[in-house]
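A look at the structure
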Amino acid sequence: MVKDKILVIGASGQIGVELTMALRKIYGNANVIASDLREQNPLLEGTGPYVSLDVMNKEMLHVQVIRQNVTQIYLLAAILSATGEKNPNLAWNLNMQGLLNVLDIAREEKLHKVYWPSSIAVFGPTSPKINCPQQTIIEPITVYGISKYAGEFWCNYFNQRFGVDVRSLRYPGLISYKSAPGGGTTDYAIEIYQQALDEKKYECFLNEDTYLPMMYMPDAIRATIELMEAPAEKISVRTSYNISAMSFSPKEIAGSIKQHIPEFKISYKPDYRQTIANSWPQSIDDVVAQKDWNWKPEYDLNKMTADMIENLK
Ligand code: NAD
Ligand code: SER
């Protein structure tokens, strides 16, 4: 059996740190190369190889792939929804060109597999709000959502036309405590825990009744690895899979935190991110992922809150 050598691009980010650590446990530290434009995250130091890399520099990326005998790429470098609205050109360029560079190299070097995440941000105001299905009306209103939707079809195209085994998940908002988030609309659900512990209060940039699809990071990491390890014939979706774990509002997450910190108080001051949140579904139907590769989440809101508070303490 050929041993896989994995390159994680964007390894210093919110998902990258935890995904790199999980992949190193499975494939061995030396076989998972972390890479990023910024410096290595301290949590990854001493756990395996790191290279400084700009995904926009295709030539250098190609050289690294050949030099390090890379057989799989996990592409996590992107600009998220809220930051993307501040600089739409930058978001479009990175999110699109970064993906095209990786897909081209995967085709040329016949890489075994590529992973690239999409997002619930592909959905727009005309998509169903409740249990939004895998296939439905998709009219995103953010540059981030547009780039993710276009990216899904590039993945499908490279799979159908060139046989590249590229796989993808539409992550919901991800909540974690190890590495800071990169500028998403769902980031309030991360900040709220630290501020509840430190200050016993939090001013939320979304309204109290804004329901969004969310997932705890351990579930997201497990979903990613389960998708990537599923036999190719089980993968019926080559754009990107809906996956779901929970849906809650700021008021509900505050209620869950109050069970541990009774004096915690939340206030609301919605900003431009409210418009983005309003355009997304409240919950996601992931029946296709359940059927194809047995997807099942483990964490609900209260289980996640207990774990977040325990770890952040
Ligand atoms: P993040 O912003 O925390 O991390 C992205 C990393 O990419 C950063 O470390 C950044 O330095 C790096 N990067 C930026 N430009 C680069 C470049 N040119 N070359 C190399 N590296 C570069 O983002 P994240 O939350 O970890 O998200 C990872 C992926 O998952 C993205 O595609 C994102 O759209 C997707 N996603 C995330 C969430 C979420 O809630 N975090 C939800 C849905 C989808
Ligand atoms: N959590 C991400 C964001 O808010 C969803 O892709 O941008």
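Heads up: these notes are all about the structure in this document. On a predicted model such as this, the values are computed, not experimentally measured, just so you know. (Residues numbered from 1 in each chain as written. Chains lettered and ligands numbered in written order. Predicted model: local features only at pLDDT ≥ 70, side-chain atom pairs only at ≥ 80, totals over all residues. Heavy atoms only, no water.)

**What to know about the overall build of the protein**
Per the secondary structure count, the protein includes 11 helices and 14 strands. Taking 2.2 N^0.38 as the reference for a compact globule, 313 residues should give roughly 20 Å; the C-alpha atoms of the protein span a radius of gyration of 19 Å, in line with that estimate. Here the C-alpha coordinates of the protein stretch approximately 55 × 45 × 40 Å along the principal axes. A total of 313 residues make up the protein; the buried ones form 56% of that total. Considering only contacts within the protein whose residues lie at least 6 apart along the sequence, 80% involve residues at least 24 apart. Per element, the accessible surface of the protein, about 13,500 Å² overall, is 50% carbon and sulfur. For the protein, the centre of its 31 positive side-chain charges and the centre of its 35 negative side-chain charges are spaced 3 Å apart. (Helix = DSSP H or I, 4+ residues; strand = E, 2+ residues; numbered from the N terminus. Rg over C-alpha atoms; globule rule 2.2 N^0.38 Å. Buried < 20%, exposed > 50% of the residue type's maximum accessible area, 1.4 Å probe, protein only. Contact = heavy atoms within 4.5 Å. Areas by Shrake-Rupley, 256 points an atom, 1.4 Å probe, with all protein chains shown as cover. Lys, Arg positive; Asp, Glu negative; His and termini not counted. Charge placed at Lys NZ, Arg CZ, Asp CG, Glu CD.)

**Let's talk about the pairing of strand 4 (residues 72-75)**
What you see with strand 4 is no split at all: Gln-72 and Tyr-74 on one side and Ile-73 and Leu-75 on the other are buried throughout. Summarising the sheet, strand 1 (residues 6-9) and strand 4 pair through 4 bridges and their orientation is parallel. Its bridge partner being in strand 4, Ile-6 is matched across the sheet by Gln-72. Examined bridge by bridge, strand 4 and strand 5 (residues 113-115) share 3 bridges and lie parallel to one another. Bridging from a neighbouring strand, Tyr-74 pairs with Tyr-115 of strand 5. (Pairing = 2+ DSSP bridges.)

**What to know about the sheet that holds strand 7 (residues 166-167)**
With parallel pairing, 6 strands are arranged side by side in an open sheet as 3-2-1-4-5-7. Edge positions in the open sheet fall to strand 3 (50-52) and strand 7, since each of these has one partner strand only. With respect to the sheet, helix 4 (residues 88-108) is in contact with strand 1, strand 4, strand 5 and strand 7, its orientation differing from that of strand 4 by roughly 175°. Where helix 7 (residues 217-229) meets the sheet, it contacts strand 4, strand 5 and strand 7, and its direction lies at approximately 155° from that of strand 5. (Axes fitted to C-alpha atoms, helices over the stretch in contact; angles between N-to-C directions.)

**Focus on the site of ligand 1**
Within the structure, ligand 1 sits among 26 residues, and Gln-14, Asp-36, Asp-54, Tyr-144 and Lys-148 are positioned closest to it. Leu-37 places a polar main-chain atom, nitrogen or oxygen, 3.4 Å from a nitrogen atom of ligand 1. Between Val-55 and ligand 1, the recorded distance is 2.9 Å, taken from a backbone N or O atom to a nitrogen atom. Burial of ligand 1 by the protein amounts to 93% of the accessible area it has alone, namely 830 Å². Elements with a minimum of two residues in the shell around ligand 1: helix 1 (14-27), strand 6 (118-119), helix 5 (143-162) and strand 9 (173-175). Per-class residue counts for the shell around ligand 1 are 14 nonpolar, 8 polar and 4 charged. (Near = heavy atom within 4 Å. Polar contact = N/O pair within 3.5 Å; in protein donor to acceptor, adjacent residues only side chain to side chain. Nonpolar A, V, L, I, M, F, W, Y, C, P; charged D, E, K, R; others polar.)

**Describing the pattern of salt bridges**
Two side chains bearing opposite charge may form a pair once their charged atoms approach each other closely. Tallying each qualifying case throughout the model produces 10 salt bridges. One salt bridge in this structure joins Asp-165 and Arg-238, with 2.7 Å as the shortest N-O distance. With a gap of 73 residues between them, Asp-165 in the loop between helix 5 and strand 7 and Arg-238 in the loop between helix 7 and strand 12 (241-242) connect regions that are remote in the sequence. For the residue pair Asp-165 and Arg-238, the accessibility class agrees, reading buried in each case. Here Arg-222 ties to Asp-219 by a salt bridge, and the two come within 3.0 Å at their closest N and O atoms. Of this pair, Arg-222 and Asp-219 are both found in helix 7, 3 residues apart, which corresponds to roughly one turn of the helix. (Salt bridge = Lys/Arg side-chain N within 4 Å of Asp/Glu carboxyl O.)

**Things to note about the packing of aromatic side chains**
As enumerated under the stated definition, the model contains 12 aromatic pairs in all. Ring geometry for Tyr-157 versus Phe-158: centroids 6.2 Å apart, planes at 70°, classification edge-to-face. For Phe-158, a relative accessible area of 4% puts it in the buried group. One aromatic cluster is present, built from ring pairs that chain together Trp-154, Tyr-157, Phe-158 and Phe-162. (Phe/Tyr/Trp six-rings, centres within 6.5 Å; stacked < 30°, edge-to-face > 60°.)

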